[in-house]
Amino acid sequence: MGLKEGTRVPRLVKVAGLIGLIGVAATGCTTDEVLRFGWPQGVTPQADAMRNLWTWSVIAALAVGVLVWGLIFWSVTFHRKKTEELPRQFQYNLPLELIYTAIPFVLVVVLFYFTAVTQNYVLAKPGKPDQTVNVISFQWNWEFNYPGYRTPDGQPVRTVGSSSEIPLLVLPTGERIEYHISSTDVIHSFFVPEFHFKRDTFPYPEKNDQDNVFQNTIDREGSFVGRCAELCGTYHSMMNFEVRALSPDKFDRYMQLRTQVNPQTGQPYTASEALGVMNCGELCTPHAVTGVPFNTDRTGGIPSGATGTTN
């Protein structure tokens with residue numbers, strides 16, 4: 001005996017819901033991960049704002065999708081062809097046409113509004129930031145200098161990367177930081193995945209009417225990889241840096257050391273030397289922990305076909 005017509009659809013709905021529930025549970029995702037819909041977790045309020053926009057945009061898209069799928073299944077289930085009689089035609093139904101034109105228009109307007117609000121928040125630059133850092137890119141590394149802090153010789157505190165050392169951009173948590181980015185040669189791109197933000201660095205941005213300033217606040221301590229996200233030449237893929245976020249008291253101690261002379265070297269403390277003196281665990285590791293420097297040695301390999309011996 002077959003299923004009754006009235007019980008078939010509810011049972012299918014229950015089965016589909018059970019399959020969906022099992023699918024979500026089988027992924028092992030937490031509630032927060034499910035609601036992020038694949039969006040990675042950020043470490044700034046700006047990143048959280050973008051994640052909220054993404055979450056609600058996906059929910060709205062899924063709601064529209066469920067409505068469309070429901071109408072399709074409803075039509076397939078209850079309006080299958082039963083006779084040869086031509087069904088009632090609706091191609092000139094004015095109220096229906098107004099509805100399916102007005103609803104998408106409202107959805108687009110709402111999405112545009114919240115996108116603009118989020119973008120304005122992410123790009124906002126309130127006056128008097130707590131910290132300012134100049135980010136200078138070059139082929140193929142980075143320089144970070146802090147104009148608000150001076151070494152004993154009167155120069156800004158500066159960290160410059162090299163082929164043997166990934167530069168550390170040390171920043172405080174809980175303070176508004178303003179970044180001034182530029183390039184000395186070609187176009188590069190300042191990108192920290194945990195910031196959910198990247199911006200190209202151009203030569204002479206002030207002469208080309210380019211917005212090279214942005215601000216953010218880092219929520220928690222940690223080490224976060226930074227990259228160049230613009231193809232800039234041969235060693236573009238090796239052009240990394242690391243953001244080291246420290247609590248304000250640790251950052252103040254770090255800057256106190258950077259503005260002093262290291263008695264062992266007779267020179268101002270470098271970033272690695274200052275962090276080594278602080279001795280605050282992994283956060284004070286004197287070298288990058290999110291990557292390793294590019295090995296520039298090209299003399300250790302044996303060419304293809306060579307025996308490795310000489311006469």
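A few points on the structure. Every chain is numbered independently, its residues counted from 1 as its sequence is written. With the structure being a predicted model, the display of local features is reserved for residues of pLDDT at least 70 and the display and counting of side-chain atom pairs for 80 or more, all residues being used for whole-chain, interface and lining totals. Where side-chain values are given, they derive from all heavy atoms of the structure, hydrogens and water being excluded.

**Considerations on a nonpolar patch on the surface**
A contiguous nonpolar surface patch, about 930 Å² in accessible area, is contributed by Val64, Val66, Val68, Trp69, Ile72, Phe73, Val76, Ile99, Ile103 and Leu107. Of all the elements in the fold, those that place two or more residues in the nonpolar patch are helix 3 (45-78) and helix 4 (94-122). A run of DSSP states H or I qualifies as a helix once it reaches four residues; a run of E qualifies as a strand once it reaches two. Both are numbered from the N-terminal end. Among the elements that line the nonpolar patch, the one with the most residues is helix 3, at seven residues. Relative to the helices and strands, valine 76 is located in helix 3. In this scheme, patches are assembled from residues that exceed 30% relative accessible area and form no salt bridge. Like charges are connected within 9 Å, while nonpolar side chains (Val, Leu, Ile, Met, Phe, Trp, Tyr) are connected within 5 Å. Working definition of accessibility: Shrake-Rupley area with a 1.4 Å probe, residue cover restricted to the visible protein chains. The term salt bridge refers to a side-chain nitrogen of Lys or Arg lying within 4 Å of a carboxyl oxygen of Asp or Glu.

**Side note on the pattern of salt bridges**
For the structure shown, the criterion picks out five salt bridges. Ionic pairing is found between arginine 158 and glutamate 143, a salt bridge with its closest N-O pair at 2.7 Å. Note that arginine 158 is positioned in strand 3 (residues 156-160) and glutamate 143 in strand 2 (residues 141-150), a separation of 15 residues in sequence. In this scheme, a residue with accessible area under 20% of its type's maximum is buried, one over 50% is exposed, and one in between is partly exposed, where area comes from a 1.4 Å probe on protein chains only. What makes glutamate 143 buried here is its relative accessible area of 15%. Residue aspartate 211 pairs with arginine 199 through a salt bridge whose shortest N-O separation is 3.7 Å. Here the residue aspartate 211 occupies a position in the loop between strand 7 (197-201) and strand 8 (213-217), and arginine 199 occupies one in strand 7, the gap between them amounting to twelve residues. Owing to a relative accessible area of 45%, aspartate 211 belongs among the partly exposed residues under this scheme. Ionic contacts of the salt-bridge type, sharing partners, join the residues Lys125, Arg199 and Asp211 into one network.

**Points about the sheet that holds strand 8**
When DSSP locates at least two bridges between a pair of strands, those strands are taken to pair. Across the sheet, which stays open at both edges, the five strands sit in the order 3-2-1-5-8 with mixed pairing between neighbours. In the strand order of this sheet, the two ends are held by strand 3 and strand 8, each with one partner. Direction aside, the axes of adjacent strands within the sheet are offset by 25° on average. Contacts between residues were defined by any pair of non-hydrogen atoms, one from each residue, lying within 4.5 Å. Here an axis means a line fitted to C-alpha atoms, over the contact stretch when the element is a helix, while the angle between two N-to-C directions is reported on a 0 to 180 degree scale. With respect to the sheet, helix 5 (residues 248-258) is in contact with strand 1 (131-138), strand 2 and strand 3, its orientation differing from that of strand 3 by roughly 95°.

**Details of the state of the cysteines**
Disulfide assignment relies on a single distance test, namely cysteine sulfur atoms paired within 2.5 Å. All told, the structure shown has one disulfide when counted by the stated rule. The side chain of cysteine 280 participates in a disulfide bridge whose partner is cysteine 284; the two sulfur atoms lie 1.6 Å from each other. Note on the cysteine 280 and cysteine 284 pair: the S-S dihedral is about 80°, so by sign convention the disulfide is right-handed. Classification of cysteine 284 by relative accessible area gives buried; the value is 4%.

**Quick look at the packing of aromatic side chains**
Side-chain rings of Phe, Tyr and Trp, where Trp is taken by its six-membered ring, are said to pair if the distance between their centres is within 6.5 Å; with planes under 30 degrees apart they count as stacked, over 60 as edge-to-face, and otherwise as tilted. Tallied over the entire structure, the rule returns 13 aromatic pairs. Pairwise contacts between aromatic rings join Trp142, Phe144, Tyr179, Phe190, Phe195, Phe197, Phe214 and Phe241 into one cluster. Two conditions define a charge sitting above a ring: the NZ of Lys or the CZ of Arg must be within 6 Å of the ring centre, and it must be within 35 degrees of the ring normal. In this structure, lysine 198 packs its charged tip against the face of phenylalanine 191, placed 5.6 Å from the ring centre. Its end group placed over the ring of tyrosine 204, lysine 207 keeps NZ or CZ at 5.0 Å from the ring centre.

**A look at the nonpolar core**
Formed by 43 residues in total, the largest nonpolar core has its most connected members in Leu169, Leu171, Tyr179, Phe190, Ile218, Val243 and Tyr254. Tyrosine 254 has contacts with Thr159, Val170, Leu246, Ala271, Ala274, Leu275 and Met278, leaving out every residue within four places of it along the chain. By nonpolar core is meant a set of buried Ala, Val, Leu, Ile, Met, Phe, Trp, Tyr and Cys residues that side-chain atoms within 4.5 Å join together.

**Focus on the environment of alanine 271**
When you line up the elements, alanine 271 lands in helix 6 (residues 271-278). Along the chain, alanine 271 and threonine 159 lie 112 residues apart, while their C-alpha atoms are 6.6 Å from each other. Each residue touching alanine 271, except ones within four places of it in the same chain, is listed here: Thr159, Tyr254 and Arg258.

**Some details on the sheet that holds strand 9 (residues 222-228)**
Strands pair in a sheet through their backbones, by hydrogen bonds, and they do so in one of two ways: parallel or antiparallel. As summarised here, the arrangement of the five strands in space is 4-10-9-6-7, forming an open sheet in which the pairing is mixed. Among the strands making up the open sheet, the edge pair consists of strand 4 (168-172) and strand 7. Each adjacent strand pair in this sheet contributes to an overall mean axis angle of 25°, direction not counted.

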